[in-house]
Amino acid sequence: MNLEEILASAANNEVTIPAIWAQGRATFGGLTGALACERMQSVVTPGRPLRAMQVSFVGPVEPEVPVTLEVELLREGKAVSQAMVRMVQAGTTRLVAMGAYGSGRESVVSVAPHPAPEAPVPEECEPTPFIKGRMPDFAQFIEMRWCFGSRPFTGEKHRDMGGWMRFRETPSRLDDPAIVALIDAWPPVPLSHLTEFAPNSSLTWSVEMMDPRPAIEVDDWLMYRAEIDKADDGYANTHAQIWNRQGELVAISRQTVTVFG
């Protein structure tokens, strides 16, 4: 099943995620985030764009085990809606997400984002082939081309990591849930500081979407660049920005990551 098929299968708020979307013993966090995003959007006033989503990874969402998505509309105001999703599996909460959706309003405040960093175009970057057994299973669906920092477990202590990304199979839609899934495909930056594999996981994750949305075609490349703010005591705080090929800011991502090594 591809991303679109999984999102569609959760329309009744229950889904079983196939093992091909696994990340170790858990489901790829970008997919669970995309599911939460999709289900929250279904209960808010149509036309209100997602402004921010916060995700807490309480426990592993296991593949091949039914998951219930408990969706609640917390409040509907004149311009802002807030919703929540709880993912329950085997009787325990595995993920909690909250989303804030808001219509635009008039304001005298208008500040442009910083420009995108200079980078080679994706066609000039080396493709990253999927290598079964050495990469998470979900990586077979997403193509990444490095142009910032280093790859995991190289022992190179860069503060940043990133490059270009897109789905290997062109989807019929590249909307908020799909972008959420792409954003989380990149490994945590601190893993490049290690010289051998060590367990790691996201503890919390937040995504802020820009509005109006920059123009993005379904087969477009998006550029991702993450930086470490601080790393110590087995935890790392990172932030990332995502741009379209024209250098327009699409989203901001922030994570608290645990690294056991």
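Below or above, wherever it landed, is the structure these notes cover. Keep in mind that what you see is a predicted model, and the values were worked out from it rather than measured.

## Digging into the side chain of Ser202
Thinking step 1. Its location among the elements puts Ser202 in strand 10 (residues 200–209).
Thinking step 2. Polar contacts involving the side chain of Ser202 include one to the side chain of Gln255, which spans 2.8 Å.
Thinking step 3. Beyond its immediate sequence surroundings of up to four residues, Ser202 is in contact with Phe57, Asp184, Gln255, Thr256 and Val257.

## A short note on helix 2 (residues 29–41)
Thinking step 1. Look at helix 2: 18 Å from first C-alpha to last across 13 residues, which is about the 18 Å you get at 1.5 Å a residue.
Thinking step 2. Judged by how many residues are buried, helix 2 sits mostly within the fold: 12 of 13 residues are covered.
Thinking step 3. Taken residue by residue, helix 2 has Gly29, Gly30, Leu31, Thr32, Gly33, Ala34, Leu35, Ala36, Cys37, Glu38, Arg39 and Met40 as its buried positions.

## Thoughts on the pattern of salt bridges
Thinking step 1. Taken as a whole and assessed by the stated rule, the structure comprises 15 salt bridges.
Thinking step 2. A salt bridge links Arg213 to Asp176; the nearest nitrogen and oxygen atoms lie 2.8 Å apart. Linking Arg213 in the loop between strand 10 and strand 11 (222–232) with Asp176 in helix 3 (residues 176–183), this pair joins segments that are 37 residues apart in sequence.
Thinking step 3. Residue classification places Arg213 among the partly exposed residues on the basis of a relative accessible area of 27%.
Thinking step 4. The closest approach of N and O atoms between Asp232 and Lys230, which form a salt bridge, is 3.8 Å.

## A few points about a nonpolar patch on the surface
Thinking step 1. Judged by side-chain polarity, Val108, Val109 and Val111 come together as a nonpolar surface patch covering roughly 390 Å² of accessible area.
Thinking step 2. Tracing the chain through its elements places Val109 in the loop between strand 7 (92–102) and strand 8 (142–149).
Thinking step 3. The exposure class assigned to Val109 is exposed, which follows from its relative accessible area of 63%.

## Section: the pairing of strand 10
Thinking step 1. As judged from the five bridges shared by strand 4 (residues 50–57) and strand 10, these two strands associate in the antiparallel manner. Along strand 10, the bridge assignment pairs Ala52 with Glu208.
Thinking step 2. In terms of strand pairing, strand 10 meets strand 13 (residues 249–259) through nine bridges, oriented antiparallel. Counted as the bridge partner of Ser202 is Val257 from strand 13.

## Details of the environment of Ser107
Thinking step 1. Mapped onto the elements, Ser107 comes out in the loop between strand 7 and strand 8.
Thinking step 2. Ser107 gets classed as exposed once you look at its relative accessible area, which sits at 53%.
Thinking step 3. Sequence separation between Ser107 and Gln89 is 18 residues; the distance between their C-alpha atoms is 44 Å.
Thinking step 4. From its side chain, Ser107 meets the backbone nitrogen of Val109 in a polar contact 3.1 Å long.

## Observations concerning the environment of Asp175
Thinking step 1. Among the secondary structure elements, Asp175 is positioned in the loop between strand 9 (160–167) and helix 3.
Thinking step 2. Taking relative accessible area as the criterion, Asp175 reaches 28% and is therefore assigned partly exposed.
Thinking step 3. Separated by 43 residues in sequence, Asp175 and Val218 have C-alpha atoms that sit 8.7 Å apart.
Thinking step 4. Within the structure, Asp175 has its side chain in polar contact with the side chain of Arg173 (distance 2.8 Å).

## Re the pairing of strand 8
Thinking step 1. Among the eight residues of strand 8, six are classified as buried, and the element is accordingly described as predominantly covered.
Thinking step 2. Pairing of strand 8 with strand 9, which is carried by seven bridges, proceeds in the antiparallel orientation. Looking across to strand 9, one finds that Trp146 is bridged to Gly163.

Criteria and thresholds
Residues numbered from 1 in each chain as written. Predicted model: local features only at pLDDT ≥ 70, side-chain atom pairs only at ≥ 80, totals over all residues. Heavy atoms only, no water. Helix = DSSP H or I, 4+ residues; strand = E, 2+ residues; numbered from the N terminus. Polar contact = N/O pair within 3.5 Å; in protein donor to acceptor, adjacent residues only side chain to side chain. Contact = heavy atoms within 4.5 Å. Expected span 1.5 Å × (residues − 1). Buried < 20%, exposed > 50% of the residue type's maximum accessible area, 1.4 Å probe, protein only. Salt bridge = Lys/Arg side-chain N within 4 Å of Asp/Glu carboxyl O. Patch = residues over 30% accessible without salt bridge, like charges linked within 9 Å, V, L, I, M, F, W, Y side chains within 5 Å. Areas by Shrake-Rupley, 256 points an atom, 1.4 Å probe, with all protein chains shown as cover. Pairing = 2+ DSSP bridges.

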